[in-house]
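A closer look at the structure
Here is what each chain is made of, one letter per residue.
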Amino acid sequence: MDPEADAEADEVRCARERREVIATARRMTDDRLVVGTSGNVSVRCGDLVAVTPSGVDYELLRLRDVPLVDLDGVVVDGALKPTSELPMHLVAYREHDAGAVVHTHSLHATALSLLRDDVPAVHYQLADYGGSVAVAEYATFGSDELARSVSAALAGRTGCILRNHGTVTTGDTLGKAYNRARQLEWLCELWLTASRVGEPRLLDDAELARCVDLFSGYGQTPR
């Protein structure tokens, strides 16, 4: 343990959530879901949201650098400005009851967004998102228009792809949102790989709906 970091955590509001934001942002880079300072991460802390700051190397972040904002986007604590994609995060909290949000610029998902309006049913793992995953229509990054496009694509779902941009996934926890981001990238890579050599066979709507029902009770929490 780092004594200096522990001392800082004792003094910082929502320290656990801010630490989680930093760790997840760094993991996005390690897992090649983003390059440099692209992408962003947030998680609820009561009535507030801890979110990555704009344009800062994730390796340099300390707890106080991570902004805390309310659900209207007003900064209530933190040394740096929040990500320019804050409107997109806030709409997921206000309109879709998210507990955490992960936004990536992952390669295969973005590539698929240039070709399709949804993620084909190449695997039952789509059930983890509530069914078919839509591609949200393009809008300029950081804009309210993009937030509205994302909100429409997230209706009844825990993830979507942004055309010419990346992905957004949500979850009760940051861990769940992040795992969905990784899985969504894998699903897109699977379809792109298969489609290079032929026409992929897809699951039908009835089977996907059956899997959605099965996934509703899937998973355990270790004691």
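The structure under discussion appears in the preceding block.
Below: a short report on this structure. Remember, it's a predicted structure, so these values are computed and weren't measured experimentally.

What about the state of the cysteines?
Enumeration according to the criterion identifies one disulfide in this entry. Here C14 pairs with C45 through a disulfide, and the sulfurs are 2.0 Å apart. Its torsion about the S-S bond being -85°, the disulfide of C14 and C45 is classed as left-handed. Of this pair, C14 sits in the loop between α1 (3-11) and α2 (15-30) while C45 sits in strand β1 (residues 40-45), and the two are 31 residues apart along the sequence. According to the relative accessible area criterion, C14 is buried, its value standing at 13%.

A few points about helix α7 (residues 205-215)
Think of an α-helix as turning once every 3.6 residues; residues three or four places apart then point the same way. Among the residues of α7, those classed as buried are L208, C211 and F215. Buried residues of α7, viewed axially, fall in a sector of 60°; they line one side.

Regarding the sheet that holds strand β6 (residues 135-136)
One open sheet holds the eight strands; their spatial order is β4-β3-β2-β1-β5-β8-β7-β6, and the pairing between them is mixed. Looking at which strands have only one partner, the edges of the open sheet turn out to be β4 (75-77) and β6. Here two bridges tie β6 to strand β7 (residues 159-162), and the two strands are oriented parallel to one another. Across the sheet, residue A136 finds its bridge partner in β7, namely L162. The strands touched by α2 are β1, β2 (48-51), β3 (68-70), β4 and β5 (100-104); relative to β1, the strand with the most contacts, the crossing angle is about 160°. On the sheet, helix α5 (residues 144-154) packs against β6, β7 and β8 (166-171) and is oriented at approximately 140° with respect to β7.

Concerning the packing of aromatic side chains
The full count for this structure, using the stated rule, is one aromatic pair. The ring of W191 carries R116 above its face, with NZ or CZ at 5.5 Å from the centroid.

Some words on the side chain of S113
Tracing the backbone shows S113 in helix α4 (residues 107-113). At 2.9 Å, the side chain of S113 forms a polar contact with the backbone nitrogen of N164. Apart from residues lying up to four places away in sequence, S113 is in contact with V135, I161, L162, R163, N164 and H165.

Examining the nonpolar core
Counting residues in each nonpolar core, the largest one holds 26 residues, and the members touching the most others are V21, M28, V41, V43, A50, V102 and L174. Listed by contribution, the elements that provide at least two residues to this core are α2, β1, β2, β5 and α6 (174-195). For this core, the leading source of residues is α2, giving five residues. In contact with M28, not counting residues within four places along its chain, are L33, V34, S38, G39, N40, V41, Y58, V102, H103, T104 and Y178. Core analysis: the next-biggest nonpolar cluster, separate from the first, contains 19 residues, V51, V69, L146 and A153 among them.

Brief notes about α2
The terminal C-alpha atoms of α2 lie 23 Å apart, and with 16 residues this matches the ideal 22 Å at 1.5 Å per residue to within 8%. Looking only at α2, the buried set comprises A15, E17, R18, V21, I22, T24, A25 and M28. Two residues or fewer past α2, R32 is found with a positive phi of approximately 60°.

Quick look at the pairing of β7
The two faces of β7 match: G159 and I161 on one face and C160 and L162 on the other face are all buried. A crossover connection joins β6 to the parallel β7 through α5; in handedness this β-α-β unit is right-handed. Bridge analysis of β7 against β8 gives four bridges, and the strand direction is antiparallel. What sits directly across from I161, in β8, is T167. Between β7 and β8, which pair antiparallel one after the other, the connecting turn spans three residues, and N164 there sits at a positive phi close to 60°.

Each value, and the rule that gives it
Residues numbered from 1 in each chain as written. Predicted model: local features only at pLDDT ≥ 70, side-chain atom pairs only at ≥ 80, totals over all residues. Heavy atoms only, no water. Disulfide = S-S within 2.5 Å. Helix = DSSP H or I, 4+ residues; strand = E, 2+ residues; numbered from the N terminus. Buried < 20%, exposed > 50% of the residue type's maximum accessible area, 1.4 Å probe, protein only. Arc of directions from axis to C-beta. Pairing = 2+ DSSP bridges. Contact = heavy atoms within 4.5 Å. Axes fitted to C-alpha atoms, helices over the stretch in contact; angles between N-to-C directions. Phe/Tyr/Trp six-rings, centres within 6.5 Å; stacked < 30°, edge-to-face > 60°. Lys NZ or Arg CZ within 6 Å of the ring centre and 35° of its normal. Polar contact = N/O pair within 3.5 Å; in protein donor to acceptor, adjacent residues only side chain to side chain. Core = buried A, V, L, I, M, F, W, Y, C linked by side-chain atoms within 4.5 Å. Expected span 1.5 Å × (residues − 1). Right-handed = clockwise from strand over helix to strand, strands pointing away.

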